[in-house]
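Single-letter residue listing:
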Amino acid sequence: MGAWKTGAALGAWLAACMAWAGPQQVDISKFAFTPKEVTVAPGTKVVWVNHDEIPHTVSGRDKTFVSKALDTDDRYEHVFDKEGDYAYFCAVHPYMTGVVHVRKP
Ligand SMILES: [Cu+2]
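In short, a report on the structure. Quantities reported herein were computed from a predicted structural model and do not represent experimental measurements.

## Observations regarding the sheet that holds strand β6 (residues 75–80)
Here is step 1 of the chain: Strand order in the open sheet made by the 4 strands is β2-β1-β4-β6, with mixed pairing throughout. The open sheet has two free edges, formed respectively by β2 (32–34) and β6, since each of these has just one partner strand. The mean angle between the axes of side-by-side strands here comes to 20 degrees, regardless of whether they run parallel or antiparallel.

The following block contains the structure:
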């Protein structure tokens, strides 16, 4: 294999690594979603983790994603495939709100 081929393969590998953003985590702590707003590319998995001693839920306003009550350290995952703005709240504490923006990069 020529040196230029090795370089091209390495470049493609780096590009693939940079395009893969990995899951986006949202922490549930002190009765709030942090960060409250996230922007992700289509196909990204968003993971919510409850750090409170109180159960919370992640409930999409359009009901495309609804978690069960999350106990301490429970996680809820949802993959957002379609572009859009997904507002959600905690069904136990409706003043807890957040938004997932799904946008093509
Ligand atoms: Cu809550």
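## Section: the sheet that holds strand β7 (residues 84–89)
Here is step 1 of the chain: The mixed open sheet is built from 4 strands, whose spatial order is β3-β8-β7-β5. Only two strands of the sheet have a single partner each, and these edge strands are β3 (37–40) and β5 (59–60).
Here is step 2 of the chain: Looking at chain direction, β5 and β7 are connected through 2 bridges and run antiparallel. Opposite Gly60, over in β7, you have Tyr88 as the bridge partner.

## Brief notes about the pairing of strand β4 (residues 44–50)
Moving residue by residue along a regular strand, the side chains alternate between the two faces of the sheet.
Here is step 1 of the chain: As defined by bridge partners, strand β1 (residues 24–29) adjoins β4 across 5 bridges and the pair is classed as parallel. When the sheet's bridge partners are listed, Gln24 is paired in β4 with Val46.
Here is step 2 of the chain: The pairing of β4 with β6 spans 6 bridges and is antiparallel. If you follow Lys45 over to β6, its bridge partner there is Val79.

Cut-off values and rules
Residues numbered from 1 in each chain as written. Predicted model: local features only at pLDDT ≥ 70, side-chain atom pairs only at ≥ 80, totals over all residues. Pairing = 2+ DSSP bridges. Helix = DSSP H or I, 4+ residues; strand = E, 2+ residues; numbered from the N terminus. Axes fitted to C-alpha atoms, helices over the stretch in contact; angles between N-to-C directions.

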